[in-house]
Amino acid sequence: MAKLRVKDLGTFVMTAMNVLGTPLECCCQNPLTGFYRDGFCRTGAGDVGAHVVCAEMTTAFLTFTRSRGNDLSTPVPAYQFPGLKPGDRWCLCASRWREALEAGVAPPVILEATHVSALEYVSLEDLKAHALGGNQQP
């Protein structure tokens, strides 16, 4: 659950939390990811896909998601989408990550940059089993 903190003369700002219960860290700035394209796997009312799992792309996952009708490899300039390659980090839909997990091709995740709401779709144990160490961006 997000915590409130006081900032700038009494205004309140929501601090997004990760699956470890600490402040959400940046997933990736290059390529710029996140539903809000701010580098963070934050979510909100307009994010029907729940883009909350920070994952490092693999060839197996990119092939899998393309086979499911979501080609993340091909650039789409109209949406400022560069196309992803293995090693890129991206905020994935939690349900797609779960689907990939069930198919045996779940990409590794960065726990510190995965939003707590991912736990509505997958268990912390499954995320930990696929976790990369630390949040050093490539």
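These numbers come from a predicted model, not from an experiment.

Caption draft 1: Structural view of unusual backbone geometry. Of the consecutive residues Asn-30 and Pro-31, the connecting peptide bond is found in the cis state with omega at 5°. Residue placement: Pro-31 occurs in the loop between strand S2 (11–15) and strand S3 (51–56). For Arg-37, which is not glycine, the phi dihedral falls at a positive 50°. Within the fold, Arg-37 resides in the loop between S2 and S3. The exposure class of Arg-37 is partly exposed, given its relative accessible area of 36%. A positive phi angle is found at Ala-50, which is not glycine, with a value near 50°. Within the secondary structure layout, Ala-50 lies in the loop between S2 and S3.

Caption draft 2: Spotlight on the state of the cysteines. One pass over the structure, following the stated rule, counts two disulfides. The disulfide partner of Cys-41 is Cys-91, and the gap between their sulfur atoms is 2.0 Å. Looking along the S-S bond of the Cys-41-Cys-91 disulfide, the torsion reads about -90°, which is the left-handed sense. You can see Cys-41 sitting in the loop between S2 and S3 and its partner Cys-91 sitting in strand S4 (residues 89–93), a full 50 residues away along the chain. Neither Cys-41 nor Cys-91 differs from the other in exposure class; each is buried. Shown here for the chain is a disulfide pattern of 1-3, 2-4, where each number marks a bonded cysteine counted in sequence order. Here Cys-26 is not disulfide-linked; the sulfur of Cys-28 is the nearest cysteine sulfur, at 6.9 Å. Unpaired in this structure, Cys-28 has its nearest cysteine sulfur neighbour in Cys-27, at a distance of 6.1 Å. Overall, the relative accessible area of 2% leaves Cys-28 in the buried class.

Conventions used here
- Residues numbered from 1 in each chain as written.
- Predicted model: local features only at pLDDT ≥ 70, side-chain atom pairs only at ≥ 80, totals over all residues.
- Heavy atoms only, no water.
- Helix = DSSP H or I, 4+ residues; strand = E, 2+ residues; numbered from the N terminus.
- Buried < 20%, exposed > 50% of the residue type's maximum accessible area, 1.4 Å probe, protein only.
- Disulfide = S-S within 2.5 Å.

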